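Given next are the chains, with one letter for each unit.
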Amino acid sequence: MSVVVRAPEAADEAAWRQLWAGYNDFYNADVPEEVTAHTWRRVLDPASPVFGLLAEESGRLVGMALCVHHEGTWSLTGVCYLEDLYVDPAARGGGVGRAILDHLVAYCRAKGWTDLYWHTRDTNATARRLYDSYVAVDDHVRYRMELD
């Protein structure tokens, strides 16, 4: 079956929320409803630097990505951070993740952005196999400080 990657629409909220919940379950994250609702509003807001992609197969949403466009300090053009990528477990192995990434790469190139970057857990072997087929892992180490 063919995977169609497209921008989210308001009518996609319920299906997106199911994918979002699966993503957060995978990472054992407890995202408050207020944050989820705000994220969805930003995804739909053309003025927001946050944007989303949805993967649809046979009329059913089976994958999603959330990205942030931002300026960079090492270039004159934009940079894209792929913050979240999730594929429904029932659709994994069918090219959904690759379709989302291919679409995102083409989108970034069309925008003239210089970089696309993302990260995942070092133990996420399934995602890493996909990511390694695009680019080699770099030597950066991530530090994260949660501020209350």
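Please refer to the structure placed before this passage.
First things first, this report covers the structure right here in the doc.

About the criteria used
Residues numbered from 1 in each chain as written. Predicted model: local features only at pLDDT ≥ 70, side-chain atom pairs only at ≥ 80, totals over all residues. Heavy atoms only, no water. Phe/Tyr/Trp six-rings, centres within 6.5 Å; stacked < 30°, edge-to-face > 60°. Helix = DSSP H or I, 4+ residues; strand = E, 2+ residues; numbered from the N terminus. Buried < 20%, exposed > 50% of the residue type's maximum accessible area, 1.4 Å probe, protein only. Core = buried A, V, L, I, M, F, W, Y, C linked by side-chain atoms within 4.5 Å. Contact = heavy atoms within 4.5 Å. Pairing = 2+ DSSP bridges. Axes fitted to C-alpha atoms, helices over the stretch in contact; angles between N-to-C directions.

What to know about the packing of aromatic side chains
(1) Moving on: According to the stated counting rule, one finds 11 aromatic pairs in the structure shown.
(2) Moving on: With a centroid separation of 6.0 Å and 20° between ring planes, the pair formed by Trp20 and Tyr23 is classed as stacked. With Trp20 and Tyr23 both in helix H1 (residues 13-26) and three residues apart, this pair spans about one turn of that helix. Per residue, the accessibility class of Trp20 equals that of Tyr23, and both read buried.
(3) Moving on: Site record: aromatic cluster; members linked through ring pairs are Trp16, Trp20, Tyr23, Phe26, Tyr27, Trp40 and Tyr86.

Here we look at the nonpolar core
It is characteristic of soluble globular proteins that their nonpolar side chains tend to be buried jointly.
(1) Moving on: In terms of nonpolar packing, the biggest core is built from 22 residues, with Ile100 and Leu104 touching the most fellow members.
(2) Moving on: Mapped by element, the contributors of at least two residues to this core are strand S2 (50-57), strand S3 (60-71), strand S4 (78-87), helix H3 (96-111) and helix H4 (125-132).
(3) Moving on: With six residues, the top contributor of residues to this core is H3.
(4) Moving on: In contact with Ile100, not counting residues within four places along its chain, are Val5, Leu53, Ala55, Gly63, Met64, Ala65 and Leu85.

Concerning the sheet that holds strand S5 (residues 115-117)
(1) Moving on: Here we have five strands laid out as an open sheet, ordered S1-S2-S3-S4-S5, and mixed in their pairing. Since the sheet does not close on itself, it has two edges, and those belong to strand S1 (3-6) and S5, each with one partner. In this sheet, neighbouring strand axes are inclined to one another by 25° on average, regardless of whether the strands run parallel or antiparallel.
(2) Moving on: Both S2 and S3 contribute to a ladder of eight bridges, which runs antiparallel. Note that in S3 the partner of Gly52 across the bridge is Leu66.

Coordinates in, geometry out; function isn't part of it.
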